[in-house]
Amino acid sequence: MAKTERTVEDRLREEYFDLLPDIRRVVDELEAEVKHCLVPISVRLDKYERLVVTSRVKECESALDSLRRRQEGATFDSGKPELYSLDSLNDLAGVRVLAFPHSRLAEADRKLRERFPSWTADPVPGYDENDEPLALKYFGYCRASDRIRAEFQIVPMLTALFWEVEHSVIYKPSPRLKGVARSLEMQQHPRCSQRAEGL
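As a starting point, this report considers the structure included with it. (Residues numbered from 1 in each chain as written. Predicted model: local features only at pLDDT ≥ 70, side-chain atom pairs only at ≥ 80, totals over all residues. Heavy atoms only, no water.)

## Quick look at the packing of aromatic side chains
Applying the stated criterion across every chain, the model contains 6 aromatic pairs. Ring plane angle 35° and centroid distance 5.6 Å describe the contact between Trp119 and Phe152, whose orientation is recorded as tilted. One end of the pair, Trp119, is in the loop between α3 (102–115) and β3 (120–121); the other, Phe152, is in strand β5 (residues 145–156), and 33 residues separate them in sequence. Taking relative accessible area as the criterion, Phe152 reaches 0% and is therefore assigned buried. (Phe/Tyr/Trp six-rings, centres within 6.5 Å; stacked < 30°, edge-to-face > 60°. Helix = DSSP H or I, 4+ residues; strand = E, 2+ residues; numbered from the N terminus. Buried < 20%, exposed > 50% of the residue type's maximum accessible area, 1.4 Å probe, protein only.)

## Some details on the pattern of salt bridges
This structure, assessed with the given rule, holds 19 salt bridges. Glu31 is the partner of Lys35 in a salt bridge, and the nearest nitrogen-oxygen pair spans 3.2 Å. Of this pair, Lys35 and Glu31 both sit in helix α1 (residues 8–42), 4 residues apart, which is roughly one turn of the helix. With a relative accessible area of 41%, Lys35 lands in the partly exposed category. Residue Lys137 pairs with Glu151 through a salt bridge whose shortest N-O separation is 4.0 Å. Remark: Glu151 occurs in strand β5 and Lys137 occurs in strand β4 (residues 136–142); sequence separation between them is 14 residues. (Salt bridge = Lys/Arg side-chain N within 4 Å of Asp/Glu carboxyl O.)

Next up, the structure:
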């Protein structure tokens, strides 16, 4: 019986599970450090103000999709599996700071930049080149591992909540709603047609 050659995806899945203990350690360390840095702000919040820290480990298939989208034609070259590694991603371990109001976002950014001065800034651009960034984003290495980079984002709370809903609708729709955005009725609806084209 002929031996089947492993695909690029198979190799990357194996790499992911090899990296997973490091990813978990990094996300735990980064979340703790970010929360600690923000304590001086958190204890001074007014009743209506919010500073929420969340974390996540990027899932295996999400990491593969993310790496695939970065390739020419959004595909892997099966003849050159050595070209691809998940350790090239900046966000296998991620922490997000949701801030409200906007003044707290700037304050959190100053505190975290003091704590992570060597991390690389990679802001999420606004809709126009003259707009301020939609979110502030930084990546770098934690002490927990020199194998993977981590990322933290500082996002206005309303923007972050919108992104969560949008991500769920686009990437994780319920089985009943799959394909609805591309349906003829939705495309003909004036308020939905433009949005449906972008999905």
